[in-house]
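Residue-level structural notes
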Amino acid sequence: MDFILLIISAILVNNIVLAQFLGVCPFLGVSNKVSTAIGMSGAVTFVMVLATMVTYLIYTYVLIPLGIGFMQTIAYILVIASLVQMVEIILKKISQPLYQALGIFLPLITTNCAVLGVAILVIKKDYNLVEGIVYGAATAIGFGLALVILAGIREQLELVDVPSGMKGAPIALVTAGILALAFMGFAGLV
Amino acid sequence: MNQVQNFTKGFIKENPILVMVLGACPTLATTSSMINGLGMGLATTFVLLGSNTVVSLMKNLIPDKVRIPAFIVVIATFVTIVDLVMNAYVPSLYESLGIFIPLIVVNCIVLGRAEAFASKNTVWSSVVDGAGMGLGFTTALGVLGAIREILGSGAIGGFKFISGDGILVFILAPGAFIALGYMIAIVKKINKA
Amino acid sequence: MSSTVLLTIAMLSVLGLLAAVILYFVAQKFKVVEDPRIDLVNEALPGANCGGCGYAGCRAFAEALVKSTSFEGLNCPVGGADTMGKVALILDRQPVAVEPEVAVVRCNGTPDNAARTSYYDGAMSCRIAHSLYGGTTGCHYGCLGCGDCVSACKFDAMYMNPVTELPVILDDQCVACGACVKACPRSIIELRKRNKKDRKIYVSCVNKDKGGPARKACKVACIGCGKCVKVCPYDAITMENNLAFIDSYKCKLCRKCVPECPTLAILEIGFPVKEQKPAEAAEATTD
Amino acid sequence: MAKIQSSLKNMVLSLTLISVGASAALGFVYEMTKGPIELTALNKKLDAIKQVVPEFTNNPNDDMFMLPTGEGDSLEVYPARSGEEVVGYAVKSYTNNGFSGYISFMVGFLPDGTIYNISVLEHKETPGLGTKMVPEGTPEKPEFKDQFKGKHPADFPLKVRKDGGPVDAITAATISSRAFCEGVQRAYNTFEKGGLK
Amino acid sequence: MFKTFPKGGIHPPENKLTADKPIVILPVPPQVTVPVSQHIGAPATPVVEKGAAVLAGQVIAEAKGFVSTNIHSPVSGKVSKIDTVVDTTGYKQTAVIIDVEGDEWVTTVDRSTALEKEITLTREEIIERCRQCGLVGMGGATFPTHIKLTVPAGKSCDMVIINGAECEPYLTSDHRLMLEKGAEVLTGATIIMKALGVERAVVGIEANKPDAISHLTELAREFRGITVQPLKVKYPQGGEKQLIKACTGREVPSGGLPIDVGVVVQNVGTAFAVYEAVQKNKPLVERVVTVTGKSVANPGNFLVRIGTPVTALIEAAGGMPDDTGKVVNGGPMMGKALAITDVPVTKGTSGILLFPAAASRRAEVLPCIRCGKCSSACAMGLEPWLISVLSEKGMWEKAEKEKITDCMECGACAYTCPAKRPLLDYIRLGKSTVIRLARERVTK
Amino acid sequence: MPQGETVTHEGIVLKAPGDGTADVEIIVAEACAGCQARSVCSPGKSDTKVITVKSGAALKPGDRVTVVMQLSQGFRALAIGYIIPFIVLIAAFALLSAAGAGEVVAALLSFVALGIYYTVIWLLRGRIEERFEFKIKE
Amino acid sequence: MNKILNVSPSPHISTPETTRRLMYGVVIALIPALAASIYYFGMGAIIVTLTSVVSCVAVEYLVQKFILKTRPSVSDGSAVVTGLLLAFNVPSNLPIWIIIIGAIISIGVAKMTFGGLGSNPFNPALVGRVFLLISFPVQMTSWPVPSGFRTGYLDAVTGATPLGVLSEGVKAGESVASLMEKVPTHMQLFYGYMGGSMGEIAAAALIIGGIYLLWKKIISWHIPVSILVSVALFTGILWLADPTKYADPGFHLLTGGIMLGAIFMATDYVTSPMTHKGMIIYGIGIGVITVLIRTWGAYPEGVSFAILIMNAFVPLLNMYIKPKRFGKEVKHG
Ligand SMILES: Cc1cc2nc3c(=O)[nH]c(=O)nc-3n(C[C@H](O)[C@H](O)[C@H](O)COP(=O)(O)O)c2cc1C
Ligand SMILES: Cc1cc2nc3c(=O)[nH]c(=O)nc-3n(C[C@H](O)[C@H](O)[C@H](O)COP(=O)(O)O)c2cc1C
Ligand SMILES: Cc1cc2nc3c(=O)[nH]c(=O)nc-3n(C[C@H](O)[C@H](O)[C@H](O)COP(=O)(O)O)c2cc1C
Ligand SMILES: Cc1cc2nc3c(=O)[nH]c(=O)nc-3n(C[C@H](O)[C@H](O)[C@H](O)CO)c2cc1C
Ligand code: SF4
Ligand code: SF4
Ligand code: SF4
Ligand code: SF4
Ligand code: FES
């Protein structure tokens, strides 16, 4: 598998939010400010890759050998939830101010569709671990890209008079729709 | 609040997707046709009903600090059950909903109701709440699915009423976003009035 | 059969235990501090997020309420006593009686009363007009008519009357959030105690000039003659900088001052119509 | 009933309890659905095979074997027999050149190499365009893939008209049509090279 | 060659209708109204009583505080009253109203017109004289001159720029002054150089005044260290920071003053006033005012006493045309519209501009189309469209970050906006609010 | 003085020992301000955080204050907390894979590398902490 | 003498330039291209243009009047420009009902939803075009072949665009040289003798319009030039690397919507960056994405997508690329 194509596909062609509809809640919820959006993207990238690695290992080397692949969902969600918390605990243990700075800067990275979705997709698409990691990272970057773009547009929309009924989620969704329309232009790149 | 209100609030006033914009992913992903939308909605409703019931039954058995993992386990169990059952008995629907069935587990509505409602209320109220919220979600998905299907392929419930194609965008990703956007705006207007 | 079930159980128990341990530590480290009552209080609040309480929004106010020890100085003007009563119930505390208030526009400089001497053609903002010059009439205190107050009102309780060129407050709608008071660069709007049947008696003028110039600028200006101060039996009226002010909490609505005012600057509103009621007062009431 | 305290013991206990309960339920449902799920998967494959080859009596899934494509990979071939006689072969083929990439097909050949029927297994083509390669037509209203029925690739070059072949492409979906041809061609090549003819 | 500043600027129609109208001395009016605040800083305190007799040139209000300056009686006569009046700023303030009787001057003033080139006073004496004579900048800001001539500790000055750009359309008072009083202006410049202890002065003049450029270039040969720098015709060429950049290539830092790059800028009118104060001991009681407008019968440049009512000036120019819709004190770009014309001329009045009704109303405001023309026009490198919405929406912190306080209120952005957005209105609002908030932050 | 963007949060003073610092409990709502479902978002619930701030002003418990942090500090924290560990993780995995380790070994060892990274920043925490400072506005 | 004077803050004069004049300036600049389309496509061009302009204006008016309840402002001319450009971006035989859907999307969804003129982050006409392209791929890609003036409309003979021929051919493994035989010569391309969207074909006419816009200072050179140069460079490099697989830069510049996009659509003020540096980055982005889509993507033409994608980055460009402020900051106080 060609990694470049995998990356282009995950970022542009099959963008996780705009084409695959995963992680729409944070996409709408954390896109009010560009700086937060950037921060969120960075954090999600780490979490996504870490989660992909751990879940992949558990699936391939625990669940499958034991013949309980159907436990995927329940195992993943518990593992991911604990993982996110563990990262926070570690950060807090390491340095209070560092942890505080993060806390003040970013909302809690909750387990959302995107993280779990990627973990499941890696298995579904029969990726090996390397591909899974690349896919996870690229997907996270795609997520960040969409998030930052939307945040930019929303910050700009603050300056104009959007009709009152459209303010908030509706205008964000319509913007996302047009963005998805634009991204369809990348079809066929891979 | 009486049980009727408790049940109906999920349809318009506190509709999970149209008012609270929760669970946007499955909403967007599975409403390319009305049937798929309804299927997803019902699957979610089942999980919601199940988890609300169990959570409210066990609310006093679960210490506060582990309530979130406990809820997650309960919810994930129901999700896996739905997953397995649908795979076995409605394979084609199962295939078109794809990854979004396991993802019910992270749908904020489910955890949100468990946490905000079921863990504080009686079993019966929780069942009614779960049914109301779930069916409200289902209705919204059904309506959105119907709109997209009518516009996008000139069909309803799979039955085509025009020859040729509709406005294809509506069954694709951009149309999903745009249609949901306007739908939320309209519901906002209705709720205000 | 049994092997799968057993494995499942084993697996999940391990995971469950693991999660329990991790989350136990989480619980140790993260205090789950949010008081559930905040949600309840928040729900009881009107959700207008108007800032009338002095906090950033309803939720912020809910937090403040829950954390506070008494309701002294905490009031939601929008919900009023009703809401505060509900909150008190939730928090199991005594509500503090807060008198309801209403906003009043203290200027009556209609084109008839105060001749226009210029036409303002800048951006429609009272604050800009105010920083540019004295205004479109000879009165350098009165309403500028650009409606900053109206756009500040989140409750549709105000509109500009195109005839009088003055803002009008709809008593029914006004929740006394005070946004208009803050918006007006000339401090024309005042929050006053809300009386029965929305009756009001107030000096509808903020002109601090001496009698002559004030009168010249506007027919119904307060000229600072002091007659009302003398006649008030309750010491409700004070005079400062040639301007009379009626304290709405002291005023007993006896209406003695009203006929005293030589310029009809004191308005009485909401009373049954009596003899020589000036036309503009009636106008201001009806809307 | 009073709420249980959050002591470590209680936490571990209650979570374990929940886990045990949940997993018991799960294991039970799994066992229940295991059979139907496997059956569904099998039926799906058999349905696809049934569609593309004449009636058969065997279980082609059991007789499946792999044949190299000559491009470095192999395709699954399902022989269909009526009694002992081979009535056709279903070849599971694919292409990566669809409008949105991967498409997989089940291509049914009669023993002489004539195409019996084709069915699309998996694809991501655009609804309304590329998807037109999926449906089965009727004699009155033939669909795209009906033009392949009964043709022999030896005298029916698998090429769209634009490329000089006889295949009428789906309107505005030449790419999908071309990919379709390529997938069928791959199946045929494998079939031919495998010496099944 | 013509120099200019690097970025932004506009070129509105020049309309210098009065460029060849010699300065006419306007007769003393029967009554003058002299506001006590005609400068930036604290108002002066009146030191005469109602009924007191005053002479022209006599101090009638004394400076109060550091940034303040004296006010002199521009006429002789009797103080009729001290009252609050509306002045050219549109606000009410205290003024001394004097009924004119004759035209007697205090004896120390030398009223002869003979050119006095020899500078006898020392640095300190010059500055003191400027303070005594109530000099303020005549270029618009009316900042007390003696303060500007006192280099603050820690800063150094190596150059004086005399601002003869007069980039505002219509106005010609500086132009005429340079033509008619060129030698005095240059002497004034030399005095300023001496006060600051610098060797070099540049007179910056826009290229649309070729006669002034050649005249002053000619004269400057006889003055040591003074050169004339022709400048490209581009508004706001006369803006201090732009002028410095054009003449010297130095860039005054954001939030800084000319002295931060070793320069002091004075208007030609100020240079002339310095000459008169220092060489003739004459306080600032009169100035040149351009009265103009397209439908004005006899537009012209007038030398008038401070306190003269604007109505009198308009009369002198042929009366107010019937179609007048707007009267502006100053130029069309930066001048202030008057609500009433019954206001006195002050030290900062450089022109009275009458607009016909048709040209006096603003056009309909449309939404910003982000054409970026305002950004291109802004010589300060700001984004007017952005800072004006930020201000309109009350987003003060962002406005501060976008440097709203750097705006010099030149109006080039609003002039150039095709959507006719009231950009500067909102920018001013934002600027003053941001400055207020910043000040509150400091005091807290 | 405006120096670049800041992140602000409302908070309530919990403790003010009087040594120029105060513990402020903040509500992390900023980013989710647009989220209409705050009240049902359970993971968000526990998300109040206690921040230690330096403050000259006399604060007493219960005061409502606004905590300010430079945006750049936020990004720095992000880098230390998430971005660099991400790079460490990926780099370790890539190197180990390239060195021929199997995917399990590579993965497990890169978790170890991550652990080492966290240990290192734990050792360096003194230096890191100097760089983070929160202030009180008003 | 008691005149009521107008009082307003300074400045008291304003440029004669207005939004309306700018918009009608663009309309004038589009006339040569419109004339060329009518010459090549006849009645179809006229019908499509009229329908599009009328329905765009009507949609704007109706939305303002009945949905937003604001004062209709159609007279500012921006809807006319959008209508014209939408028409220019579709084939001249497009059924009227599809054009009306396009107008509803352009004006109703892409413009008025965001608050009307000046608020929309994406180019309305292009949103309309891309929406139609994806919704009605059959109708949107049946290109009438140019002929002399023709009164027929829906029955026009259709053929492929040169880019379509190229993209199809390359995918089918033909060499570029042999494909170049099948497409019009560069000179023909320059004059517009090719199949394609109604208004995009005649490079010569579009360039005349562009020169007019530059001369009237309605647009600046930064966007068009950076787009054209980056397309030329990128395709030039590819062409030099492998002329059998990639067409020459001249071909790329003269075909498809490059000229129309670079001169008229990427330059839309509302949806392009404010600073010159930003404009150049934006232009390069459009150029690169266009070539990317043309050479490796599924669509033979990518200008519309490229412009929309770069539209999305405009707020970020505006946020991070600021004009050079006058004066360095000093710390004081
Ligand atoms: C939104 C959209 C989706 C498309 N989907 C397909 C598709 O699934 N399959 C396909 O062959 N062509 C598809 N096309 C068309 C191709 O881009 C291309 O125009 C076409 O294949 C050229 O073939 P023609 O010669 O039949 O027009 C699509 C076009 C659009 C605009
Ligand atoms: C936009 C703008 C334009 C200006 N134009 C002139 C001008 O043309 N001539 C002038 O003397 N001063 C002009 N000024 C004022 C100068 O910046 C500066 O204040 C003045 O030259 C200082 O001299 P003074 O103190 O003697 O008045 C302008 C100021 C601004 C902000
Ligand atoms: C990706 C993401 C999604 C979020 N979605 C929700 C949500 O759907 N509902 C919610 O209540 N909070 C959501 N937040 C919650 C935040 O973590 C934030 O802490 C919370 O809104 C604070 O709410 P509080 O005021 O109730 O403490 C989300 C945060 C993130 C990072
Ligand atoms: C130079 C210029 C180019 C324009 N280009 C477009 C365009 O490509 N598409 C469009 O819908 N409107 C265009 N307009 C009109 C108008 O700016 C546009 O409709 C706005 O985006 C609406 O807010 C253009 C206007 C100008 C002045
Ligand atoms: S009128 Fe004033 S006080 Fe009353 S609701 Fe409106 S803004 Fe608030
Ligand atoms: S009351 Fe004040 S804010 Fe309201 S219109 Fe009058 S001046 Fe403006
Ligand atoms: S008024 Fe201010 S913002 Fe406008 S151009 Fe002048 S300096 Fe720039
Ligand atoms: S000149 Fe006017 S329309 Fe253009 S960007 Fe500036 S404010 Fe907007
Ligand atoms: S449903 Fe909320 S992130 Fe997907």
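Residues numbered from 1 in each chain as written. Chains lettered and ligands numbered in written order. Predicted model: local features only at pLDDT ≥ 70, side-chain atom pairs only at ≥ 80, totals over all residues. Heavy atoms only, no water.

**Quick word on the domain arrangement of chain C**
All names here are of chain C. Domain annotation of chain C identifies domain 1 (36-91) and domain 2 (101-285). Distance between the C-alpha centres of domain 1 and domain 2: 31 Å. Taken residue by residue, the interface counts six residues in domain 1 and five residues in domain 2. Three residues, Cys50, Pro77 and Val78, lead the burial of domain 1 against domain 2; their summed loss comes to 68% of the area buried on that side. Here domain 1 and domain 2 share zero salt bridges between them. Where domain 1 touches domain 2, the interface holds zero residue pairs in polar contact (both at pLDDT 80 or more). (Domains from an automatic or database assignment. Contact = heavy atoms within 4.5 Å. Buried area = accessible area lost by both parts, 1.4 Å probe. Salt bridge = Lys/Arg side-chain N within 4 Å of Asp/Glu carboxyl O. Polar contact = N/O pair within 3.5 Å; in protein donor to acceptor, adjacent residues only side chain to side chain.)

**Some points on a nonpolar patch on the surface**
On the surface, Val105, Leu109, Val112, Ile116, Val120, Trp122, Leu123 and Leu124 of chain F cluster together to form a nonpolar patch covering roughly 710 Å² of accessible area. Of note, valine 112 of chain F is situated in helix α3 (residues 103-123). (Patch = residues over 30% accessible without salt bridge, like charges linked within 9 Å, V, L, I, M, F, W, Y side chains within 5 Å. Areas by Shrake-Rupley, 256 points an atom, 1.4 Å probe, with all protein chains shown as cover. Helix = DSSP H or I, 4+ residues; strand = E, 2+ residues; numbered from the N terminus.)

**What to know about the site of ligand 2**
All names here are of chain E. As a structural note, the neighbourhood of ligand 2 is formed by 20 residues, with Gly139, Lys148, Gln266, Asn267 and Thr270 the closest of them. In the environment of ligand 2, an oxygen atom lies 2.9 Å from a nitrogen or oxygen atom belonging to the backbone of cysteine 167. Interatomic distance of 2.7 Å between a side-chain N/O atom of glutamine 266 and an oxygen atom of ligand 2. Summarising the interface, the protein chains cover 90% of the accessible area of ligand 2, which totals 610 Å² for the free molecule. With three residues, strand β12 (residues 263-267) is the single largest residue contributor to the shell around ligand 2. In terms of residue class, the shell around ligand 2 is built from eight nonpolar, eight polar and four charged. (Near = heavy atom within 4 Å. Nonpolar A, V, L, I, M, F, W, Y, C, P; charged D, E, K, R; others polar.)

**A few points about the packing of aromatic side chains**
Summed over the entire model, instances satisfying the criterion amount to 30 aromatic pairs over all chains. A centroid spacing of 5.1 Å and a plane angle of 80° characterise the contact between phenylalanine 144 of chain D and phenylalanine 180 of chain D, whose relative ring orientation is edge-to-face. With phenylalanine 144 of chain D in the loop between β5 (115-122) and α2 (174-193) and phenylalanine 180 of chain D in helix α2, this residue pair connects regions lying 36 residues apart in the sequence. The exposure class of phenylalanine 180 of chain D is buried, given its relative accessible area of 0%. A network of ring pairs unites the aromatic residues Phe105, Phe144, Phe148, Phe156 and Phe180 of chain D as a single cluster. The ring of tyrosine 94 of chain D is capped by arginine 186 of chain D, whose NZ or CZ atom sits 4.4 Å from the centre of that ring. The ring of tryptophan 215 of chain G carries lysine 216 of chain G above its face, with NZ or CZ at 4.7 Å from the centroid. (Phe/Tyr/Trp six-rings, centres within 6.5 Å; stacked < 30°, edge-to-face > 60°. Buried < 20%, exposed > 50% of the residue type's maximum accessible area, 1.4 Å probe, protein only. Lys NZ or Arg CZ within 6 Å of the ring centre and 35° of its normal.)

**What about the sheet that holds strand β1 (residues 23-25) of chain E?**
Residues and elements named next belong to chain E. If you trace the six strands from one edge of the open sheet to the other, you get β1-β14-β13-β17-β15-β16, paired in mixed fashion. The open sheet has two edge strands with one neighbour each: β1 and β16 (336-338). Between one strand axis and the next, the sheet turns by 30° as a mean value, whatever way the strands run. Summarising the sheet, strand β15 (residues 324-329) and β16 pair through three bridges and their orientation is antiparallel. Each residue of the ladder has a partner; that of asparagine 329, found in β16, is lysine 336. Contacts between helix α3 (residues 173-180) and the sheet are confined to β1, β13 (286-292) and β14 (300-305), with β13 contributing the most and set at about 125° to the helix. (Pairing = 2+ DSSP bridges. Axes fitted to C-alpha atoms, helices over the stretch in contact; angles between N-to-C directions.)

**Some thoughts on the interface of chain G and chain E**
At the junction of the two partners, chain G supplies 38 residues and chain E supplies 66 residues. Summing both sides of the interface, chain G and chain E together bury roughly 4400 Å²; the carbon and sulfur share of this comes to 57%. Connecting chain G to chain E are six salt bridges. In this structure, glutamate 383 of chain E and arginine 325 of chain G form a salt bridge, with 3.6 Å as the shortest nitrogen-oxygen distance. If you look at where chain G meets chain E, you find 24 residue pairs in polar contact (both at pLDDT 80 or more). Secondary-structure elements contributing two or more residues to the side of chain G that touches chain E are β1 (5-7) and α1 (19-41) of chain G. A breakdown of the residues in the side of chain G that touches chain E according to their chemical character gives 15 nonpolar, twelve polar and eleven charged.

**Details of a positive patch on the surface**
Residues Lys167 of chain A, Lys188, Lys189 and Lys192 of chain B together with Lys69 of chain G make up a contiguous surface patch of positive charge. Its relative accessible area of 72% is what places lysine 192 of chain B among the exposed residues. (Lys, Arg positive; Asp, Glu negative; His and termini not counted. Charge placed at Lys NZ, Arg CZ, Asp CG, Glu CD.)

**Some remarks on the environment of lysine 256 of chain C**
All names here are of chain C. Within the secondary structure, lysine 256 is located in the loop between β8 (243-246) and α10 (257-260). Each C-alpha atom, one on lysine 256 and one on serine 3, is 96 Å from the other, the two residues being 253 residues apart in sequence. Sequence-distant contacts of lysine 256, defined by excluding residues within four places in its chain, comprise Val231 and Pro233.

**Some details on helix α6 (residues 113-124) of chain A**
Along its twelve residues, α6 of chain A runs 15 Å from first to last C-alpha, staying within 8% of the 16 Å computed at 1.5 Å per residue. For α6 of chain A, the buried fraction is high: eleven of the twelve residues fall into the buried class. Among the residues of α6 of chain A, Cys113, Ala114, Val115, Leu116, Gly117, Val118, Ala119, Ile120, Leu121, Val122 and Ile123 of chain A are the ones counted as buried. Taken together, the buried residues of α6 of chain A touch α3 (34-66), α4 (72-94) and α7 (129-157) of chain A together with α2 (24-29) of chain B. Where α6 of chain A terminates, the next one or two residues include aspartate 126 of chain A, which has phi positive at roughly 60°. (Expected span 1.5 Å × (residues − 1).)

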